[in-house]
Amino acid sequence: MDDNKKAAISARAYQLWDAAGRPDGQADQFWLEAEREIGGDSSQVGLMPVPSPKPPKKTAKKDKV
């Protein structure tokens, strides 16, 4: 892998990790996702949509009396 592509993957993996709330112990997952997104064309780096960091909170339903 050339240095430019590796740098692009690293930058994208960081974006994904940051957007996910910076969880510990998941570096490999973010790296693999960045590799999948970038593939053979690193010109798209920075143009990929960033996923929401957390799903919406579930609220408890109140019983009607």
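Source: prediction; values computed, not measured.

Trainee: Please clarify how the environment of Gly39 should be interpreted in this entry.
Mentor: Among the secondary structure elements, Gly39 is positioned in the segment after helix H2 (27-38). Residue classification places Gly39 among the partly exposed positions, given a relative accessible area of 27%. Spatially, the C-alpha atoms of Gly39 and Lys5 are 9.2 Å apart, while their sequence positions differ by 34 residues.

Trainee: Sorry, what's going on with the packing of aromatic side chains here?
Mentor: Two numbers describe a pair of aromatic rings. These are the distance of the centres and the angle of the planes. Overall, the coordinates contain one aromatic pair when judged by the stated rule. Taking the centre distance of 5.5 Å and the plane angle of 50° together, the rings of Tyr14 and Trp17 count as tilted. One end of the pair is Tyr14 and the other is Trp17, both in helix H1 (residues 3-19) and three residues apart, which spans about a single turn. Under the relative-accessibility criterion, Tyr14 is labelled partly exposed at 44%.

Trainee: Please clarify how the pattern of salt bridges should be interpreted in this entry.
Mentor: Under the definition given, this model contains three salt bridges. Glu33 is the salt-bridge partner of Arg36, the closest N and O atoms lying 3.0 Å from each other. Residue Arg36 and its partner Glu33 are located together in helix H2, separated by three residues, close to a single helical turn. Given the relative accessible area of 29%, Glu33 is considered partly exposed.

Procedures and definitions
Residues numbered from 1 in each chain as written. Predicted model: local features only at pLDDT ≥ 70, side-chain atom pairs only at ≥ 80, totals over all residues. Heavy atoms only, no water. Helix = DSSP H or I, 4+ residues; strand = E, 2+ residues; numbered from the N terminus. Buried < 20%, exposed > 50% of the residue type's maximum accessible area, 1.4 Å probe, protein only. Phe/Tyr/Trp six-rings, centres within 6.5 Å; stacked < 30°, edge-to-face > 60°. Salt bridge = Lys/Arg side-chain N within 4 Å of Asp/Glu carboxyl O.

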